[in-house]
Amino acid sequence: MADFPSKVTTETSVPNSQNSHGGNSIRGLAGSISSRVDFSFIRSIPAMLMIAEIVFGLLHWALIAGTSIVGGAYGWVLFVAITLWILTTVLFFIILFGVTQKLPAVPWPLTVMVYFSAATVLYLTAFITNAAYVPHHVNSYYGHLAAAAFFGAAVTLVYGASAFFSYFDWKGDGGNAATNTVPT
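Visitor: Just checking my understanding: could you explain the overall build of the protein chain for this structure?
Guide: Each helix and strand counted, the protein chain has 8 helices and 0 strands in total. Secondary structure of the protein chain in N-to-C order comes out as α-α-α-α-α-α-α-α. Classification of the 184 residues of the protein chain by burial places 29% in the buried group. Counted over contacts in the protein chain with a minimum sequence separation of 6, partners at least 24 positions apart contribute 77%. For the protein chain, the accessible area works out to roughly 11,600 Å², and carbon and sulfur atoms hold 72% of it.

This is the structure we're talking about:
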C-alpha cells in the first residue's frame, strides 16, 4: 500500500504533457501562431495600405455614427464605410494567415484587384455624399462631419493606391513574350 502513489499516473494526454502545461504552453501557442502568419506580408506596402484602410475607415464611420444624424445620405455613407471596413479586415486576415495558399482555386490577385477597385468607386461616392451633406453653418456636429469627410477622402485615396498595387500584382511582372518563355 505504501507504493500506491508511485504507481499511479494522472496523465490523460500524451506522455510528455509537461510541454503543454504551465509556461511552455504560451511558447507553444506563440510558435503555432507564428508558423501560420505570413510576416513578409505584414512588411509589404499592400499590408500597410490595408492597415491604413482599416484605421481610417474605422475613424470615418465612427465619426458619422457619433452624431444623431440618421438615414438619408448618411445611411449610404455608413453602409459603405462599415461594409468595406468589415470586408477589408476579413481580407487582411485571410492574406495574413495564408488562406490564399490553401484555396488555390480562387484567382486571388484578380479577386483582390476587383475588390479594391470596387471599394475605391464605392468610397468615392460615399466621400462625395459625406462632403456634400456637411452643414455649411456651424452646429454641434459640424466638426464630426467635416472630420468624417476628411477621413472619407483619405480612405478613398488609400483604396485607390491599393487598387493600383493590386493591379500590378494581378498583371504579374508585365514582361513580354520574350521574357516569359519557358525553356523546353
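Visitor: Can you walk me through the packing of aromatic side chains in this structure?
Guide: The way to describe two aromatic rings as a pair is by their centre distance and the angle between their planes. The full count for this structure, using the stated rule, is 14 aromatic pairs. Seen from their ring centres, tryptophan 76 and phenylalanine 79 are 5.9 Å apart, and the 35 degrees between their planes marks the pair as tilted. Taken together, the residues tryptophan 76 and phenylalanine 79, both in helix α5 (residues 72-96) and 3 residues apart, mark about one turn of the helix. Residue class for phenylalanine 79 comes out partly exposed when judged on its relative accessible area of 49%. Look at tyrosine 167 and phenylalanine 168: their rings are 5.5 Å apart centre to centre, the planes differ by 65 degrees, and that puts the pair in the edge-to-face class. Since its relative accessible area comes to 34%, tyrosine 167 is described here as partly exposed. For phenylalanine 168, a relative accessible area of 37% corresponds to the partly exposed category. Put simply, the rings of Phe164, Phe165, Tyr167, Phe168 and Trp170 pair up and form one aromatic cluster.

Visitor: Sorry if this is basic, but what is going on with the environment of alanine 146 here?
Guide: Locating alanine 146 in the fold gives a position in helix α8 (residues 142-171). Sequence separation between alanine 146 and valine 134 is 12 residues; the distance between their C-alpha atoms is 6.3 Å.

Visitor: In this structure, what is going on with the packing of helix α4 (residues 45-65) against helix α7 (residues 108-132)? I would like to understand it.
Guide: Each pair of packed helices gets described by two things: the angle between the helix axes and the distance between those axes. Taken N-terminus to C-terminus, the directions of α4 and α7 make an angle of 30 degrees; their axes are 13 Å apart at the nearest point. The angle between α4 and α7 falls in the class roughly parallel. Viewed along their axes, α4 and α7 form a crossing whose handedness is left-handed. Facing Met50, Glu53, Gly57, His60 and Ile64 of α4, the residues of α7 in contact are Phe116, Tyr123 and Asn130.

So, how was this worked out
Residues numbered from 1 in each chain as written. Predicted model: local features only at pLDDT ≥ 70, side-chain atom pairs only at ≥ 80, totals over all residues. Heavy atoms only, no water. Helix = DSSP H or I, 4+ residues; strand = E, 2+ residues; numbered from the N terminus. Buried < 20%, exposed > 50% of the residue type's maximum accessible area, 1.4 Å probe, protein only. Contact = heavy atoms within 4.5 Å. Areas by Shrake-Rupley, 256 points an atom, 1.4 Å probe, with all protein chains shown as cover. Phe/Tyr/Trp six-rings, centres within 6.5 Å; stacked < 30°, edge-to-face > 60°. Axes fitted to C-alpha atoms, helices over the stretch in contact; angles between N-to-C directions. Parallel < 35°, antiparallel > 145°, perpendicular 65-115°, else oblique. Left-handed = near helix turned anticlockwise from the far one by under 90°.

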